[in-house]
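# Chain and residue survey
Now for the letters of each chain:
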Amino acid sequence: MAVEEAWWRNAVGYQIYPRSFADSNQDGIGDLNGIREHLDDLAELGIDFLWLSPIYPSPNVDNGYDISDYRDIMEAFGTMEDFERLLEAVHEKGLRLIMDLVINHTSDQHPWFLASRQSKDNPYRDYYIWHPPRSNGELPSNWPSLFGGSAWEWDEQTQEYYLHIFAKEQPDLNWENPVLRQELYRMVRWWLDKGIDGFRIDAITHIKKRDLQDVSKKLADTYMNVEGIGVYLRELRQVFDAYPATLSIGEASGVPAADAHEWVGQNGYFCMIFTFDHVHVWANDPKDQPHIRQLKKALARWQYALAEDGWNALFMENHDLPRSVSVFGEDKKYWKVSAKALATLFMLLKGTPFIYQGQELGMTNVPFQSIDEIDAVDTRRHYEQQVAKGEDPEAVFKKLARASRDNARSPMQWDASTYAGFSQVEPWLRVNPNKDTINLAAEKKDPDSIWHYYRTLIQLRKSEEVLLNGTFHIHNLKHRQMMIYERRGAKQAFLILINLSKTEAVFYLPFQVREQSWTLVLSNYSECLANVTDECCFRPFETQIYQRSR
Ligand code: NOJ
Ligand code: CA
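Let me begin by describing the structure that accompanies this report. On a predicted model such as this, the values are computed, not experimentally measured, just so you know.

Cut-offs applied
Within any chain, residue numbers begin from 1 and follow the written order of that chain's sequence. Starting at A for chains and at 1 for ligands, labels are handed out in the order in which the entities are written. With pLDDT at 70 or above as the cut-off, local features in this predicted model cover only qualifying residues; side-chain atom pairs require 80 or more to be listed or tallied, and sums for whole chains, interfaces and linings still use all residues. Just so you know, side-chain values use all the structure's heavy atoms and leave hydrogens and water out. Any residue with a non-hydrogen atom lying within 4 Å of a molecule or strand is treated as near it. In the analysis that follows, any N or O atom pair within 3.5 Å is treated as a polar contact, provided that within protein one partner can donate a hydrogen and the other can accept it, and provided that, for residues neighboring in sequence, both atoms belong to side chains. For the area figures, the Shrake-Rupley method with a 1.4 Å probe applies, and any residue is considered shielded solely by the protein chains shown. Residue polarity follows a fixed list, in which Ala, Val, Leu, Ile, Met, Phe, Trp, Tyr, Cys and Pro are nonpolar, Asp, Glu, Lys and Arg are charged, and the others, Gly among them, are polar. The rule for pairing is simple: two strands pair if DSSP sees at least two bridges between them. A helix here means a DSSP run of H or I that spans at least four residues, while a strand means a run of E at least two residues long, and both kinds are numbered starting from the N terminus. The way it works is a 1 Å grid over only the protein atoms, where trapped points that fit a 1.4 Å probe form a cavity and open points with protein on both sides within 12 Å along at least five of seven lines form a pocket, and then any residue with an atom within 4 Å of a point lines it. Grid points are joined across faces, edges and corners, and a volume is the space filled by probe spheres set on the points.

### A closer look at the site of ligand 1
Near ligand 1, the surroundings consist of Asp62, Tyr65, His105, Phe147, Phe166, Arg200, Asp202, Glu251, His319, Asp320, Arg405 and Arg409. Residue histidine 319 places a side-chain N or O atom 2.8 Å away from an oxygen atom belonging to ligand 1. Here arginine 405 contributes a side-chain N or O atom positioned 2.9 Å from an oxygen atom of ligand 1. Starting from 290 Å² of accessible surface for ligand 1 in isolation, the protein chains cover 97%. Here the shell around ligand 1 is built from residues that sort into three nonpolar, two polar and seven charged.

### Describing the sheet that holds strand 8 (residues 247-251)
Strand pairing in a sheet relies on backbone hydrogen bonds, with the paired strands running either antiparallel or parallel. Pairing within the open sheet is parallel, and its eight strands lie in the order 9-8-7-3-2-1-11-10. A strand with exactly one partner marks an edge of an open sheet, and here the two such strands are strand 9 (272-274) and strand 10 (313-314).

### Side note on empty space enclosed by the protein
By the definition in use, this model includes six cavities of 30 Å³ or more. Roughly 110 Å³ of volume is contained in the largest cavity. Lining the largest cavity are Thr275, His278, Ala298, Leu299, Trp302, Gln303, Asn312, Ala313, Leu314, Phe315, Phe346 and Leu349. Counting residues per element, the ones that place at least two in the lining of the largest cavity are helix 9 (292-305) and strand 10. Broken down by element, the residue count for the lining of the largest cavity peaks at four residues, all from helix 9. Across the lining of the largest cavity, the residue classes break down as eight nonpolar, four polar and no charged. A volume near 70 Å³ is recorded for the second largest cavity. Around the second largest cavity, the lining residues are Gln15, Trp51, Arg200, Phe274, Phe276, Phe315, Glu317, Asn318, Phe354, Ile355 and Tyr356. Grouping the amino acids of the lining of the second largest cavity by side-chain chemistry returns seven nonpolar, two polar and two charged.

See below:
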């Protein structure tokens, strides 16, 4: 791809979860007109493009990730005219817009699936993955669903099982069927012809499944980045290649750094991929303190893997993860400094940063009180299954609530009004009670706010070429608290020092760093002593950004 077509390298993305962003018609559900009304706020922050989580018609078992019509708009979100108006407004402001492309599975209400389950000889039967029971009457295989239980669901009418690696209402499409693949590609072109600027491609590492006979040691590997997936992904890339400025970002769980070039190198399948090594270091950690060293290592691994060829997608949050300030930071005493530390951690790495709605305000996890307050299908199904096994409901709820995706899905906090300026009526998911202090209106007024800090970081990225193309170098890799990295160019360099822990950190910088002369550019503590000395001491979450002065 020609460099001038790679507009996304020098861009900052912003992910919108439309249901929770802004409700323009007061029905408690965010919508497309709500997004349009807030474009100026996003432009003011300095972002360049939006990624919208799915806005297609859907029964909302998995909030839009179960699509029942690929070529229309969900009624609660608006109409196709609303979408076209939004796209036009986005482009008028010099911004771009990418959509979510969910092609590993559809909703069980999609006409293809409704036809597919009619009979074994229906022309759509092969659009999905059907299997009879084994000769002993058992399930076709022991594959688990990622949302709990078996990945096989029995269909009474045709007496076979179909595969769903997510909810049973999300049957997997059969990518081995070339007719299905062509149908999907036509749909992709249809959207690109409308003038959208690209896609984030959902669950794409799952489209190829292992043979049923192949009893893998690691169950999840049976349908994650399975050998041979490249055949389909090369085809998909050809579809995108016909639209040269298109941004494609694959959601790529299970892709190891060793495969990076295949996926995002010069001839890779996508412009970028979202990988999860760094955020998953927290996922199952029962301890309070996240695994800082593992987080550092995971980030550095991908920075080095794509140093020469390829490009990183940088993020700490999305609609599937709890809020970063609550899990990697500290959302009470050190709320502000830790949110700024985490912003610095990922925004100045090499790659394209993505801010998830509300992250720029330091929005936190939600104090959910009971399972009834939770909507997310995975949290609910895991809860039901664990309680059915006899586990203590209260303990199960506590554990699941802390990690639930709904922490990221509570309504966007625009102001301190009853429903946080998201809506005038009660929203579909509860508003975080901390909206009185954590909201955009308040943060715009406070020059020391997290929002202003993000804005400054974005401006810094855009004004310094070395932050775009400079190489990445990590220092003090083994330090248990500090993340220290440099971005180096021929003439310029930046040194970024972040204490990722809630205690004081003492460290010794390598000589070749100390001997340079550095000027402090930005910090998250107001009284900050420029401090590149022999022995450094950083306060909890203290962060300092230096530029080389000679
Ligand atoms: C990944 C999406 O980000 C998530 O929200 C969804 O539940 C699954 N893929 C299934 O589409
Ligand atoms: Ca609405």
